[in-house]
Amino acid sequence: MEVSYLGFPGLQVKMEVLPNENHEKTGRPSFHVRAHAVHSKLVGLFFTIDSSVDSWFDQRGLFSYKLELRQNQSNLIRTAVETHDFTSAVTRYFSRWNKPGQSAQQAELSAPITPFAQDSFSAFYFLRTLPLATGDQVRIPVVSEGRMIEVQATVLERETIDIYAGEMRAIPVRLEKIGPDGNPQAADNLVWLSDDDRRALL
């Protein structure tokens with residue numbers, strides 16, 4: 001997948017499903033997915049990016065077990081790990097980062113977790129399993145950096161969009177964080193999924 005910046009190809013993003021694994025504590029089978037982003041040659045003249053995110057989530061329940069983030073950019077090197085223990089209903093988060101000319105810093109915390117929560121990456125795979133009829137709305141519990149949030153996904157009218165492979169029918173989905181008052185916070189966060197059996201992220 002190619003991501004543009006200022007009208008030019010900026011990032012090459014590769015998403016892949018790796019060999020299945022059994023969860024180290026429960027023994028339940030889990031999926032292992034990865035996204036890897038690398039800067040284009042043009043953008044690399046000004047800013048470098050070589051980052052990846054891995055997610056492990058349950059094959060049957062589709063809830064997240066673990067997320068690992070590795071950021072390597074011109075102005076930041078960071079690693080972060082989230083682990084989710086649904087038996088004790090706790091999520092644990094650790095992050096360590098370093099900026100040029102500064103000492104390394106780190107943060108660590110644990111917090112209660114909602115049953116069947118997603119991480120910020122597995123949520124996209126969970127979204128693909130839904131019927132996604134126009135007008136559908138669903139709220140998804142998501143763990144983000146040791147904190148629970150709720151995201152509302154609203155399915156919009158199908159449309160045809162231009163992608164690297166040409167024109168394709170797509171399902172646009174608007175994503176909004178639920179605020180403290182229980183209502184979605186207005187945002188222009190949109191994702192497009194292919195309008196076919198694959199439900200590929202476009």
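Structure shown above.
This one's a predicted model, so the numbers in the text were calculated from it and none came from an experiment.

1. Here's the deal with the packing of aromatic side chains
Stage number 1. Summed over the entire model, instances satisfying the criterion amount to 6 aromatic pairs.
Stage number 2. Judged by centre distance (5.8 Å) and plane angle (40°), the ring pair of Phe57 and Tyr125 falls under tilted. Residue Phe57 is located in strand E4 (residues 50-58), and its partner Tyr125 is located in helix H1 (residues 122-128); the two are separated by 68 residues in the primary sequence.
Stage number 3. Just above the ring of Trp56 sits the side chain of Lys66; from NZ or CZ to the centre is 5.2 Å.

2. Side note on the pairing of strand E12 (residues 159-163)
Stage number 1. Alignment of E12 against strand E13 (residues 166-177), held across 5 bridges, turns out to be antiparallel. From the neighbouring strand, Glu159 faces E13, where its bridge partner is Ala170.

3. Some remarks on the environment of Glu150
Stage number 1. Summarising the element assignment, Glu150 is placed in strand E11 (residues 147-155).
Stage number 2. For Glu150, a relative accessible area of 33% corresponds to the partly exposed category.
Stage number 3. For the pair Glu150 and Ala117, spaced 33 residues apart in sequence, the C-alpha separation works out to 9.3 Å.
Stage number 4. If we skip the residues at most four places from it in the chain, Glu150 touches Arg139, Ile140, Glu176, Lys177 and Ile178.

4. Section: the pattern of salt bridges
Stage number 1. What the rule picks out here adds up to 9 salt bridges.
Stage number 2. The residue Arg70 makes a salt bridge to Asp54 at a minimum N-O spacing of 2.5 Å. Taken as a pair, Arg70 in strand E5 (residues 64-73) and Asp54 in strand E4 lie far apart in primary sequence, 16 residues in all.
Stage number 3. Sharing partners across several salt bridges, the network here consists of Arg34, Asp54, Lys66, Glu68 and Arg70.

5. Observations concerning the environment of Ile113
Stage number 1. Here Ile113 is to be found in the loop between strand E8 (105-112) and strand E9 (118-119).
Stage number 2. Along the sequence, Ile113 and Lys66 sit 47 residues apart, while their C-alpha atoms lie 13 Å from each other.
Stage number 3. Here Ile113 is in contact with His84, Asp85, Phe86, Ala89, Val90, Thr91, Val143 and Met148, once residues within four sequence places are set aside.

6. Some remarks on the nonpolar core
Stage number 1. Counting residues in each nonpolar core, the largest one holds 14 residues, and the members touching the most others are Leu127, Leu132, Val173 and Leu175.
Stage number 2. Where this core is concerned, the elements lending two or more residues are H1, strand E10 (137-144), E11, E13 and strand E14 (189-194).
Stage number 3. In contact with Leu175, other than residues within four places in its own chain, are Phe124, Val151, Gln152, Ala153, Ala187, Asn189 and Val191.
Stage number 4. The next biggest cluster of nonpolar side chains, apart from the first, holds 8 residues, and it includes Val53, Leu62, Phe121 and Tyr125.

7. What to know about the environment of Arg28
Stage number 1. For Arg28, the position within the fold is in the loop between strand E2 (8-22) and strand E3 (29-39).
Stage number 2. For Arg28, a relative accessible area of 28% gives the class partly exposed.
Stage number 3. Along the backbone, Arg28 and Met168 are 140 residues apart, and their C-alpha atoms lie at a distance of 37 Å.
Stage number 4. For Arg28, the residues in contact, after removing those within four places along its chain, are Glu21, Asn22, His23, Asp58, Arg60, Gly61, Phe63 and Tyr65.
Stage number 5. Engagement of the side chain of Arg28 in a polar contact is seen with the side chain of Tyr65, the distance being 3.5 Å.

8. Side note on the side chain of Ser52
Stage number 1. Tracing the sequence through the fold places Ser52 in strand E4.
Stage number 2. For Ser52, a relative accessible area of 11% gives the class buried.
Stage number 3. Ignoring anything within four residues of it in the chain, the contact list for Ser52 reads Ala35, His36, Glu68, Leu69 and Arg70.

9. Considering the pairing of E5
Stage number 1. The pairing of E4 with E5 spans 6 bridges and is antiparallel. In the sheet register, Asp54 faces E5, and the bridge partner there is Glu68.
Stage number 2. Linkage of E4 to E5, two consecutive antiparallel strands, is achieved through a turn of 5 residues, within which Leu62 is found at a positive phi near 60°.
Stage number 3. Here 8 bridges tie E5 to strand E6 (residues 76-85), and the two strands are oriented antiparallel to one another. Across the sheet, residue Glu68 finds its bridge partner in E6, namely Val81.
Stage number 4. Here E5 folds back onto E6 in antiparallel fashion, the turn holding 2 residues.

Procedures and definitions
Every chain's residues receive numbers from 1 upward, in the order its sequence appears when written. Owing to the predicted nature of the model, reporting of local features is limited to residues with pLDDT of at least 70; listing and counting of side-chain atom pairs is limited to 80 or more, with chain, interface and lining totals taken over all residues. Processing note: side-chain calculations cover all non-hydrogen atoms of the structure and skip hydrogens and water entirely. Each pair of aromatic rings taken from Phe, Tyr and Trp, with Trp reduced to its six-membered ring, is defined by centres within 6.5 Å and is described as stacked if the planes are under 30 degrees apart, edge-to-face if over 60, and tilted in the remaining cases. Helix and strand assignments come from DSSP, with helices taken as H or I runs of at least 4 residues and strands as E runs of at least 2, each series counted from the N terminus. Here, a charge over a ring means that NZ of Lys or CZ of Arg falls within 6 Å of the ring centre while also lying within 35 degrees of the ring normal. When DSSP locates at least two bridges between a pair of strands, those strands are taken to pair. Partly exposed describes any residue whose relative accessible area lies between the buried limit of under 20% and the exposed limit of over 50%, with all areas from a 1.4 Å probe on protein chains only and scaled to the type maximum. By definition, residues are in contact when any of their heavy atoms lie within 4.5 Å. Here a salt bridge means any side-chain nitrogen of Lys or Arg lying within 4 Å of a carboxyl oxygen belonging to Asp or Glu. Grouping buried Ala, Val, Leu, Ile, Met, Phe, Trp, Tyr and Cys residues that are joined through side-chain atoms within 4.5 Å yields what is termed a nonpolar core. Counted as a polar contact is a pair of N or O atoms within 3.5 Å, where, for protein atoms, one must be capable of donating a hydrogen and the other of accepting one, and residues adjacent in sequence contribute only when both atoms are in side chains.

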